[in-house]
Amino acid sequence: MATLSGNTKISKVVISNRVDCCQDRINGAQVWVRDTMCGTVAYEAGKDTYEIDCGGAVGRSVRIVQNDNYLTLCEVQVIGSPAKDASDAECWDKGDRDLKGLGYNGSKSTTRSGKTCQNWSEQTPHRHGFTEANGYWEKGLGDHNYCRNP
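About the criteria used
Along every chain, residues carry numbers that run from 1 in the direction the sequence is written. Confidence filtering applies because this is a predicted model: local features only for residues at pLDDT of at least 70, side-chain atom pairs given and counted only at 80 or more, and all residues used for totals across whole chains, interfaces and linings. Hydrogens and water molecules were not included; the side-chain quantities draw on all heavy atoms of the structure. Throughout this description, the term nonpolar core refers to a set of buried Ala, Val, Leu, Ile, Met, Phe, Trp, Tyr and Cys residues connected via side-chain atoms within 4.5 Å. When a residue's accessible area, from a 1.4 Å probe over protein chains only, is under 20% of the maximum for its type it is buried; when over 50% it is exposed; and in between it is partly exposed. Put simply, DSSP H or I for four residues or longer makes a helix, DSSP E for two residues or longer makes a strand, and each gets a number counted from the N terminus. Working rule for contacts: check all heavy atoms of both residues, and any pair within 4.5 Å makes them a contact. Should DSSP find at least two bridges between two strands, the strands are regarded as paired. Note on definitions: angles span 0 to 180 degrees between N-to-C directions of axes, and those axes are lines fitted to C-alpha atoms, for helices only across the stretch in contact.

Student: Help me out: how do you make sense of the nonpolar core in this one?
Tutor: Considering soluble globular proteins, one finds that nonpolar side chains tend to be buried as a cluster. If you look at the biggest cluster of nonpolar residues, it comprises 14 residues, and the most contacted ones within it are Val-13, Val-31, Val-33, Val-41 and Cys-54. Those elements that place two or more of their residues in this core are strand S1 (2–17), strand S2 (30–33) and strand S4 (49–65). At five residues, S4 tops the list of elements feeding residues into this core. Once residues lying within four places of it in the same chain are set aside, the contact partners of Val-31 are Val-13, Ile-15, Thr-36, Met-37, Cys-38, Gly-39, Ile-52, Cys-54, Val-62, Arg-63 and Ile-64.

Next up, the structure:
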């Protein structure tokens, strides 16, 4: 997995495959940005570099997953630019130019893949420390499940 410094609008991922042996192991490898699958690598004999178009998917990490075989790569390049506005990230208000999304106060409550976000006042299914007792309600958290970056 490649972890990026912040939300990044990813145009493509360039994968350099090994050439000394086992080149076909890359066949079927999937490239993911957050919950978005950019594409699947189709092995071609003699080819050692593959470009996967991510179409501007936004995320903080890129994963390359191979469920059917071992995956050994030489290099992975992530090509993109910082996400800047509401069209680049699902939880930003157009007036919020803070790249961390600290000022977002909208009502987005689902992920891009359609999953409902957890209510901030709940500790299931995921435990977290963003509670009223810890002072986070002053940062826009509370009894709701809207996107926030406290």
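Alright, that's what it looks like, and here's the rest.
Student: Is there a simple way to explain the sheet that holds strand S5 (residues 73–82) in this structure?
Tutor: Through backbone hydrogen bonds, the strands of a sheet pair up, either in parallel or in antiparallel fashion. Spatial strand order, S3-S2-S4-S1-S5: five strands in an open sheet with antiparallel pairing. Every other strand in the sheet has two partners, leaving strand S3 (36–40) and S5 as the edge strands with one partner each. Pairwise comparison of adjacent strand axes, ignoring direction, gives a mean angle of 25° for this sheet. The pairing of S2 with S4 spans four bridges and is antiparallel. Residue Val-33 lies in a different strand from S4, and its bridge partner there is Val-62.

By themselves, these are just geometric observations and shouldn't be taken as functional.
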